[in-house]
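Chain residues, written in single-letter form:
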Amino acid sequence: MTLLAFNVAIAGTLTLIFVWTGRNPSWAALRSAFVPNFILSSAIGFSCALVLPRFVPAVWPLHPVLRWTAIVAALLAINFAGVCVGVASLLWIYRPNTGFWPNVWSIYRTAAVVTLLIGIFATLYESWRRRIEEANLEIKNKEIQRERAQKLAASAQLASIESRIHPHFLFNALNSISALIREDPVRAEELVERLSRLLRSSLDTHQESLIPLDREIKLVRDYLAIQAARFGPRLRYRIDAGDFSDATIPPFAIQTLVENSIKYAVAARPAGGEIAVGARREQGRLVVEVSDDGPGFDAASIQPGHGLDTLRARLEALFGDASLAIVPSSSGVCVRIAIPQHSHREAPR
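Residues numbered from 1 in each chain as written. Predicted model: local features only at pLDDT ≥ 70, side-chain atom pairs only at ≥ 80, totals over all residues. Heavy atoms only, no water.

Across soluble globular proteins, nonpolar side chains show a tendency to be buried alongside one another. Within the largest apolar cluster, 51 residues are counted, with the highest numbers of intra-cluster contacts made by Leu213, Ile249, Ile254, Val258 and Ile262. The element contributing the most residues to this core is helix H7 (residues 213-231), with 11 residues. Contacts of Ile262, omitting those with residues within four sequence positions, involve Tyr223, Leu224, Gln227, Phe231, Leu235, Ala267 and Ile275. (Core = buried A, V, L, I, M, F, W, Y, C linked by side-chain atoms within 4.5 Å. Buried < 20%, exposed > 50% of the residue type's maximum accessible area, 1.4 Å probe, protein only. Helix = DSSP H or I, 4+ residues; strand = E, 2+ residues; numbered from the N terminus. Contact = heavy atoms within 4.5 Å.)

As structure tokens, this is what we get:
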């Protein structure tokens, strides 16, 4: 259909030019001139349809001057080839007493102008249509990534809630609080408040892709305080997050890293371990590090679908250029995440 429209457009334009610049501008002359011109335009249009779809994408990445010079040259060459084929066809059908080349040169100049105008317009239109399709595809891909990030966030929230209400966690937390009621009732009351805030935080972050960094740090402090009551001197920790009131982070991101350190660096060793949490700005990004002095590990040992793997997938889905790196050291291991800066007022929901 596109090729037919292209041929009709060239034929109609050529017919109007030939007839209205001649001596007999009548409807009869238009009808009699249209068929030969349609044969010419079909030869030119078929040549364009055969060459341009392969030629234009190949030269499109070039500099605009080189690109359009190549396209114009191609259109002129295609026009010449099409005129030659069209004239040969007309001589074979109508058998006039005129030569081949005189007809070619007399038709070529006018047909070249028409071919250039319509060819350039068609190229611009196709380029515009392709850009619209690419933009729509990009929007669709971003929507898919956003939905994937929401699903991963929901999965992380569910995992976090499960870890809070896990019988072992609740039993250990309540047992630690119970032991402190007589010895240190003030601290016991504080731990009850922390446990309440921890469970409430797991529910309050429903459907939030990003939360303020200070909320995440507060959640981590509550979690570590409860775990410290359980492990006693076996758990040593420090938090140096600074003041980042305008920074945001995916919920449970830091807490997931801390849980990993509790599991492998503290609970698994009789002597326990030390955990350090830090945050800083670096080249327009928020960098958060959670390190411990436990046995080291590398990225290859991360099990698919588990905490760190899910967190890495969430970061990629939310930001694209975020990173999760495992940095071994002589004293243990450090897990570092780096994400673009966002104000919590602009955090996607």
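In the contact formed by helix H8 (residues 253-266) and helix H9 (residues 307-319), the axes pass within 10 Å of each other and the chain directions differ by 160°. On the basis of their axis angle, the class for H8 and H9 is roughly antiparallel. Seen from above, H8 lies across H9 with left-handed handedness. Every residue of H9 that contacts H8 at Ala253, Thr256, Leu257 and Asn260 is listed here: Gly307, Leu308 and Leu311. Here the contact of H8 with H9 is composed, by residue class, of four nonpolar, three polar and no charged. (Axes fitted to C-alpha atoms, helices over the stretch in contact; angles between N-to-C directions. Parallel < 35°, antiparallel > 145°, perpendicular 65-115°, else oblique. Left-handed = near helix turned anticlockwise from the far one by under 90°. Nonpolar A, V, L, I, M, F, W, Y, C, P; charged D, E, K, R; others polar.)

A word on the sheet that holds strand S6 (residues 323-329). Pairing is mixed across the open sheet formed by five strands, whose spatial order is S2-S4-S5-S7-S6. One side of each edge strand has no neighbouring strand; the edge strands of this open sheet are strand S2 (235-240) and S6. When strand polarity is set aside, the average angle formed by the axes of neighbouring strands in this sheet is 15°. Bridging between S2 and strand S4 (residues 273-282) involves six bridges; their strand directions are parallel. Each residue of the ladder has a partner; that of Arg238, found in S4, is Ala276. Against the sheet, H8 touches S2, S4, strand S5 (285-292) and strand S7 (332-340), its axis set at about 155° to S4. Sheet strands touched by H9: S6 and S7. Its angle to S6, the strand with the most contacts, is close to 140°. (Pairing = 2+ DSSP bridges.)

Another point: unusual backbone geometry. In the Ramachandran plot, Phe252 falls in the positive-phi region, its phi being about 70° despite a non-glycine side chain. Considering the arrangement of structural elements, one finds Phe252 in the loop between strand S3 (248-249) and H8. Classification of Phe252 as buried rests on a relative accessible area of 1%.

Applying the stated criterion across every chain yields a total of 12 salt bridges. Salt-bridge contacts for Glu274 lead to Arg238; the nearest nitrogen and oxygen are separated by 2.5 Å. In this pair, Glu274 is assigned in strand S4 and Arg238 in strand S2, connecting sequence segments 36 residues apart. What makes Glu274 partly exposed here is its relative accessible area of 31%. (Salt bridge = Lys/Arg side-chain N within 4 Å of Asp/Glu carboxyl O.)

The next subject is H9. Here H9 contains 13 residues, and its C-alpha end-to-end distance of 18 Å stays within 8% of the 18 Å for a straight helix at 1.5 Å per residue. Listing the buried residues of H9 in full gives Leu308, Thr310, Leu311, Ala313, Arg314, Leu315, Ala317 and Phe319. One or two positions beyond H9, positive phi appears at Gly320, with a value near 80°. (Expected span 1.5 Å × (residues − 1).)

On the surface, a nonpolar cluster with roughly 480 Å² of combined accessible area is contributed by Phe121, Tyr125, Trp128 and Ile132. With respect to the helices and strands, the residue Phe121 is situated in helix H4 (residues 100-165). Given a relative accessible area of 59%, Phe121 falls into the exposed group. (Patch = residues over 30% accessible without salt bridge, like charges linked within 9 Å, V, L, I, M, F, W, Y side chains within 5 Å. Areas by Shrake-Rupley, 256 points an atom, 1.4 Å probe, with all protein chains shown as cover.)

Right, let's get into the confidence of the model for the chain. Per-residue pLDDT for the chain averages 78, and the proportion of residues at 70 or more is 79%. Averaged pLDDT values for the elements of the chain fall to 63 in helix H1 (residues 2-20) and rise to 93 in S5. The low-confidence segment residues 343-349, where pLDDT is below 50, has 14 contacts with residues more than four positions distant or belonging to other chains. (pLDDT = per-residue confidence, 0-100.)

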